[in-house]
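Letter by letter, the chains look like this.
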Amino acid sequence: EIATCSENEIIQQALTQLIRYQGVDRCSVFKLKRGKLQCVAGISVEESHQNTSGVCVKQFKSEIAMEFSAEEGIMGLAVQSGELQYCADCATEEEFKAHPLGHTQHPGSLACVPIRMGANLLGILNASHPVINYFEPWQLHALSLFCNCLGQLLHNNSLINDLEAEVEQRTHELRVALDESEVLKRRYQQLSIEDELTGLHNR
């Protein structure tokens, strides 16, 4: 149900399902903002286990601080090409851009998949696993389908929010118009009373 969810809540719920059913170790979504790719949501398999078991694990919160130029790294290639980019061994890939906060362990395999709605790029999905050559063709295809569905959800959510904003705007305009009408009505009544009093006085 997306009508009551924010965009980030939809993304977080979608990533949770991706972790749970597609064998991904870590995944995150980056949105394009002012020429930068900024992480808006992320989850690891450890966090997913914590959510279901209640066992405390190291959180994946540092991912949220990540920001990259839209023209660099594997994600940059995904932005520029508009197509899925797969790095089978990040340790040997020159295009791979390391975590800016200095993680000691790089992912073995990384897939960067555009999230689109029509011709519009909504974001980039990062899906990784510590094992090199981990993702098979069917998994990459599943990631592409996932991003197509997520793009549709985000687009629908945007339409709902836009519609709600329009309804609120029109409601506000109607209230203002009614308030102005009430003011004019009272003013007219006041003038009518004054006219009647003036007429009586003239008699």
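Residues numbered from 1 in each chain as written. Predicted model: local features only at pLDDT ≥ 70, side-chain atom pairs only at ≥ 80, totals over all residues. Heavy atoms only, no water.

1. Some points on the packing of aromatic side chains
Counted by the stated rule, this structure contains three aromatic pairs. Relative to F68, the ring of F30 lies with its centre 6.1 Å away and its plane at 45 degrees, an arrangement referred to as tilted. Of the two residues, F30 sits in strand β1 (residues 26-33) while F68 sits in strand β3 (residues 67-69), which places them 38 residues apart along the sequence. Here F30 and F68 have matching classes, each one buried. Considering the side-chain rings of Y134 and F135, the 5.2 Å spacing of their centres and the 80 degrees angle between planes classify their relative orientation as edge-to-face. F135 sits in the buried class, given a relative accessible area of 6%. One aromatic cluster is present, formed by Y86, Y134 and F135 through successive ring pairs. (Phe/Tyr/Trp six-rings, centres within 6.5 Å; stacked < 30°, edge-to-face > 60°. Helix = DSSP H or I, 4+ residues; strand = E, 2+ residues; numbered from the N terminus. Buried < 20%, exposed > 50% of the residue type's maximum accessible area, 1.4 Å probe, protein only.)

2. Section: helix α1 (residues 7-22)
Helix length check: α1 (16 residues) gives 22 Å between terminal C-alpha atoms against 22 Å at 1.5 Å per residue, within 8%. The set of residues buried in α1 consists of I10, I11, A14, L15, T16, L18 and I19. One or two steps after α1, the chain reaches G23, where phi turns positive at roughly 70 degrees. (Expected span 1.5 Å × (residues − 1).)

3. Some thoughts on the sheet that holds β3
Here six strands make up an open sheet; going across it, the order is β3-β2-β1-β6-β5-β4 and the pairing antiparallel. This sheet does not close on itself; its edge strands, each paired only once, are β3 and β4 (85-87). Averaged over all pairs of adjacent strands, the angle between their axes in this sheet comes to 25 degrees, without regard to strand direction. Note: β4 against strand β5 (residues 109-117), three bridges, orientation antiparallel. Looking at β5, one finds that Y86 is bridged to A111. Contacts from α1 reach β1, β2 (36-44) and β6 (120-129) within the one sheet, and its direction differs from that of β2 by about 50 degrees. (Pairing = 2+ DSSP bridges. Axes fitted to C-alpha atoms, helices over the stretch in contact; angles between N-to-C directions. Contact = heavy atoms within 4.5 Å.)

4. Brief notes about the side chain of S44
By the element assignment, S44 lies in strand β2. Judged by its relative accessible area of 2%, S44 is buried. In terms of polar contacts, S44 uses its side chain to reach the side chain of E46, at 3.3 Å. (Polar contact = N/O pair within 3.5 Å; in protein donor to acceptor, adjacent residues only side chain to side chain.)

5. Some points on helix α3 (residues 73-81)
Structural remark: α-helix, 3.6 residues per turn; residues separated by three or four positions point the same way. Those residues of α3 not exposed but buried are G73, I74, M75, G76, A78 and V79. Against β1, β2, β3, β4, β5 and β6 lie the buried residues of α3. Looking one or two residues beyond α3, the residue adopting positive phi is G82, at roughly 75 degrees.

6. What about the pairing of β1?
Pairing geometry for β1 and β2, over eight bridges, is antiparallel. For S28, the partnering residue across the bridge sits in β2 and is G42. Hairpin connection, β1 to β2: the antiparallel pair is bridged by two residues, and R34 has positive phi, about 50 degrees. Across five bridges, β1 lies against β6 in antiparallel orientation. Bridged to S28 within β6 is N126.

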